[in-house]
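Below, each chain spelled out in residue letters.
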Amino acid sequence: MKRSLCLLAMSIPLLLGATLPEHGPVPSAKPAERTEPAPEAAAPDVRSAEPEAPAMKSEQPGAAEVPAPLPKPEEKPARQAPATTITPNDGPKPDGKEKEEDEAEAPPPPPPLVKEDPEELKACLAELSALGAKFEAGDPIDDGNGCGIEHPVEIAEVLPGVDLGGATMRCKTAATMAHWLKDTVQPAMNIAMPGRKIVGIAPGSTYACRLRNGASTGKISEHARGNAIDVAAFRLDNGETMEMKSRDEDSTLEGAFQRTATAGACLHFTTVLSPGSDAAHQNHLHLDVLERKDGYRYCR
C-alpha cells in the first residue's frame, strides 16, 4: 500500500505537468480574446447558419419577382382606365368651349312681359288719381323680344301742375315717381330755393324697346318693360331749368339739392343711377322699379 501511494504521489505531478503544457498557454486564451474581433469567427458560424435564410431569400425573390412587377403593370392599366375617361372629356373640351363662347356671345332670352295683377293694377290707378295725376290708359304694347307693357298709362301730369308730356310707362312707375316728387324732391326744393316749385320734368327716356344702355348685346333695358324713366332736367315755375349733371363736387345749394333728390330717390325706386355714375349716365338720372330678390336696391 505504501508503495502504491508513493507511485500515485509521483504520478500526480507528471499528470499535472502533462495537462498544464496543453492548457498552460493560458495567455493563448487571451489571444483567443483578441479573436473577439470574432465577428470573423462568428461570421463563419453565422454564414453557416444563414445558408437557410439565403435559400429562403432565393425562393422569395423568385416568388416576389412574379407578383411584384406583374401586379404593377396590371394595376397601371387599371389606373389608366380613369385616364381614358378623362381623355374623352379632354377631346370635347374645344367643342365645349366653343359652345360656351357661342352662348356668351348670344344675348340672353328676353323676359316675358310683366303680367299685371288685376287687383294691384286697380289699386295703383286709384292711387294715381288720388295723387292728382292726369293720365290715360293706353292700348297694350308688345313689340317682341320682351319689349312691351301689358297695361300702359300715358302720363300728362304726374302731380297737379307737374307736366310729364304724355310719357308712357307702367302704372307702378308713375305712382312711384309721383311719391318721389311729392315727398322728397319738392320739400328739398323748398329748402334749397324757397318759393320755387317744380312744374315739369324733361324726360330723357321713358318707354323704348332696347337693351341696357343702348348696347347691341346684353340684357333688356327696364325702359323696354315700362319700368324706368330718365330725368334730364327739372323745370321751375320761374322759367328756369335745372339740368341734371355730375355735382359731386358742387358746393352750391343747387348741387346740394340735386344730391338730396337723387339720394332720396333710392327710398322710392329700386335702381338709381345718378349723373356721372358711369359713362352711359353723364347727363341724366335713371330711375326704375325693377323687382330684385329680398328687396335689394342698387343706388349709385
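Higher on the page you've got the structure.
Along each chain, residues carry numbers from 1 onward, in the same order as the chain's sequence is written. Predicted model: local features are reported for residues with pLDDT of at least 70 only, side-chain atom pairs are reported and counted for 80 or more only, and whole-chain, interface and lining totals are derived from all residues. Hydrogen atoms and water are omitted, and side-chain values are computed over all heavy atoms in the structure.

### Looking at the layout of surface pockets
Lining residues are defined by having an atom within 4 Å of a point belonging to a cavity or pocket. Those points lie on a 1 Å grid over the protein atoms alone, cavities being sets where a 1.4 Å probe fits but cannot get out and pockets being open sets with protein on both sides within 12 Å along at least five of seven lines. Grid points are joined across faces, edges and corners, and a volume is the space filled by probe spheres set on the points. Estimates place the volume of the largest pocket at around 360 Å³. For the largest pocket, the lining is made up of 19 residues, of which Arg212, Asn213, Leu273, His281 and His286 are closest to its centre. Elements represented by at least two residues in the lining of the largest pocket include exactly β9 (271-273) and β10 (285-288). Each helix corresponds to a stretch of at least 4 residues labelled H or I by DSSP, and each strand to a stretch of at least 2 residues labelled E; elements are numbered beginning at the N terminus.

### Some thoughts on the nonpolar core
Working definition of a nonpolar core: buried Ala, Val, Leu, Ile, Met, Phe, Trp, Tyr and Cys residues. They are joined through side-chain atoms within 4.5 Å. Exposure categories follow from relative accessible area, calculated using a 1.4 Å probe and restricted to protein chains: below 20% of the type maximum is buried, above 50% is exposed, and the middle band is partly exposed. Core analysis: the largest hydrophobic core is formed by 42 residues, its most contacted members being Met177, Trp180, Leu181 and Phe234. Of all the secondary-structure elements, those providing two or more residues to this core are α7 (118-130), β4 (152-159), β5 (162-170), α8 (171-192), β6 (198-205), β7 (228-236), α9 (253-265) and β10. Tallying contributions element by element places α8 first for this core, with 11 residues. Once you skip the residues sitting within four places of it in the chain, Phe234 turns out to touch Trp180, Leu181, Val185, Ile198, Gly200, Ile201, Glu240, Thr241, Met242, Met244 and Phe257. Residues Cys147, Tyr207, Ile220 and Ala224 belong to the second largest nonpolar core, which totals five residues. Pairs of residues are marked as contacts when any of their non-hydrogen atoms sit within 4.5 Å.

### Things to note about the packing of α7 against α8
Orientation is described by lines fitted to C-alpha atoms, with helices fitted over the stretch in contact, and by angles between N-to-C directions that extend from 0 to 180 degrees. Where α7 contacts α8, the two axes come as close as 9 Å, and the packing angle between them is 35 degrees. The way α7 lies across α8 gives a crossing that is left-handed. Facing α7, whose interface residues are Leu121, Cys124, Leu125, Glu127 and Leu128, α8 presents Cys171, Lys172, Ala174, Ala175 and His179. Asp, Glu, Lys and Arg are counted as charged, while Ala, Val, Leu, Ile, Met, Phe, Trp, Tyr, Cys and Pro are counted as nonpolar; the rest, among them Gly, fall into the polar class. Here the residues of the contact of α7 with α8 sort into seven nonpolar, one polar and two charged. By definition, any crossing whose near helix is turned counterclockwise from its far helix by less than a right angle is left-handed, and any crossing with a clockwise turn is right-handed.

### Some thoughts on the environment of Thr241
Secondary-structure assignment places Thr241 in strand β8 (residues 241-243). Sequence separation between Thr241 and Gly200 is 41 residues; the distance between their C-alpha atoms is 9.3 Å. Filtering out sequence-adjacent residues up to four positions away, Thr241 remains in contact with Ala233, Phe234 and Arg235.

### Observations regarding the environment of Lys134
Position of Lys134 among the secondary structure elements: in strand β1 (residues 134-137). C-alpha of Lys134 to C-alpha of Val158: the two residues are 24 residues apart in sequence and 6.5 Å apart in space. With sequence-adjacent residues up to four places away left out, Lys134 is seen in contact with Glu154, Ile155, Ala156 and Glu157.

### Remarks on the side chain of Thr270
Tracing the chain through its elements places Thr270 in the loop between α9 and β9. Apart from residues no more than four positions distant in its own chain, Thr270 is found in contact with Asp288, Val289, Leu290, Arg292, Tyr296, Arg297 and Tyr298.

### A look at the state of the cysteines
Sulfur atoms of two cysteines make up a disulfide when they are within 2.5 Å. For the structure on display, the rule yields three disulfides. Across the disulfide from Cys147 sits Cys209; the S-S distance is 2.0 Å. The sign of the S-S torsion, about 80 degrees, decides the handedness of the disulfide formed by Cys147 and Cys209: right-handed. Pair noted here: Cys147 is in strand β3 (residues 147-149) and Cys209 is in the loop between β6 and β7, with a separation of 62 residues, a long-range link.

### Observations regarding α8
Here α8 is 22 residues long and its end C-alpha atoms lie 30 Å apart, about the 32 Å a rise of 1.5 Å per residue gives. Along α8, the sharpest kink reaches roughly 40 degrees, centred on Leu181. Helices are assigned an expected span. That span is 1.5 Å times one less than the residue count. Fitting axes to the seven residues that end at a residue and to the seven that start at it, the angle between those axes gives the bend at that residue.

Any link to function would need more than the numbers given here.
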